Amino acid sequence: MTTYFVATLARYVLVEAHNEIDARERGYAALHDLYADVRERLGKEVPIDILTVRPATDDEIELWRWHHEAVSREG
């Protein structure tokens, strides 16, 4: 599997997938979860327009891991 960078204009996720189509589907699900705060604030569904699907760089993967480790230590 490959780690993919899947992004809207404002937010992104990294997902493990076999190809870009699989990455887009997994990314959409992860981004939908990530946009829960926006849906709650607006009181309605919001479109999730994926603009980028590509293999993640080593630096992006490392930053992603660091961020999630920091969040888990804090909470």
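Only a predicted model underlies this, so the values are computations on that prediction, with no experimental measurement involved.

K.L.:
Can you help me understand the overall build of the protein in this one?
P.N.:
For the protein, the helix and strand inventory stands at 3 helices and 3 strands. Along the protein, from the amino end to the carboxyl end, the secondary structure elements read β-β-α-α-β-α. Expressed as lengths along the three principal axes of its C-alpha atoms, the size of the protein is roughly 35 × 35 × 15 Å. Long-range contacts, defined as pairs at least 24 residues apart, comprise 45% of the intrachain contacts of the protein with a sequence gap of at least 6.

K.L.:
I tried to follow the sheet that holds strand β1 (residues 2–7) on my own but got confused; where do I start?
P.N.:
Adjacent strands of a sheet form backbone hydrogen bonds with each other and so pair up, either parallel or antiparallel. Pairing is antiparallel in the open sheet, where 3 strands are placed in the order β2-β1-β3. On the outer flanks of this sheet lie β2 (12–17) and β3 (52–55), each paired with one strand and no other. Adjacent strand axes in the sheet meet at a mean angle of 25 degrees, parallel and antiparallel pairs treated alike. Where β1 meets β2, 6 bridges bridge the pair, whose relative direction is antiparallel. Paired with Ala7 across the strands is Tyr12, a residue of β2. In the packing of helix α3 (residues 58–74) onto the sheet, contacts are made with β1, β2 and β3, and the angle to β2 comes to roughly 105 degrees.

K.L.:
Help me out: how do you make sense of the side chain of Glu60 in this one?
P.N.:
Considering the arrangement of structural elements, one finds Glu60 in helix α3. Overall, Glu60 belongs to the buried group, its relative accessible area being 17%. Here Glu60 is in contact with Phe5, Leu14 and Arg54, once residues within four sequence places are set aside.

K.L.:
I'm lost on the pattern of salt bridges in this one. Help?
P.N.:
Where charged atoms of side chains with opposite charge meet at close range, the side chains can pair. Inspection of the entire model under this criterion finds 4 salt bridges. Asp22 serves as the salt-bridge partner of Arg26, at 3.0 Å between the closest nitrogen and oxygen. Taken as a pair, Arg26 and Asp22 lie in helix α1 (residues 20–34) at a separation of 4 residues, close to a single helical turn. The partner of Glu60 in a salt bridge is Arg54, with the nearest N and O atoms 2.7 Å apart.

K.L.:
Hey, could you run me through the packing of aromatic side chains in this one?
P.N.:
On inspection of all chains with the given rule, the structure shows 2 aromatic pairs. Relative to Tyr12, the ring of Phe5 lies with its centre 5.0 Å away and its plane at 20 degrees, an arrangement referred to as stacked. The class of Phe5 is buried, set by a relative accessible area of 12%. For Tyr12, a relative accessible area of 30% gives the class partly exposed. Ring geometry for Tyr12 against Trp64: centres 5.7 Å apart, planes inclined by 50 degrees, an arrangement best described as tilted. Here Tyr12, found in strand β2, pairs with Trp64, found in helix α3; they are 52 residues apart in sequence, far enough to count as distant. Residue class for Trp64 comes out partly exposed when judged on its relative accessible area of 23%. In textbook terms, an aromatic cluster arises when at least three aromatic residues are bridged by ring pairs, as seen for Phe5, Tyr12 and Trp64.

Parameters and conventions
- Residues numbered from 1 in each chain as written.
- Predicted model: local features only at pLDDT ≥ 70, side-chain atom pairs only at ≥ 80, totals over all residues.
- Heavy atoms only, no water.
- Helix = DSSP H or I, 4+ residues; strand = E, 2+ residues; numbered from the N terminus.
- Contact = heavy atoms within 4.5 Å.
- Pairing = 2+ DSSP bridges.
- Axes fitted to C-alpha atoms, helices over the stretch in contact; angles between N-to-C directions.
- Buried < 20%, exposed > 50% of the residue type's maximum accessible area, 1.4 Å probe, protein only.
- Salt bridge = Lys/Arg side-chain N within 4 Å of Asp/Glu carboxyl O.
- Phe/Tyr/Trp six-rings, centres within 6.5 Å; stacked < 30°, edge-to-face > 60°.

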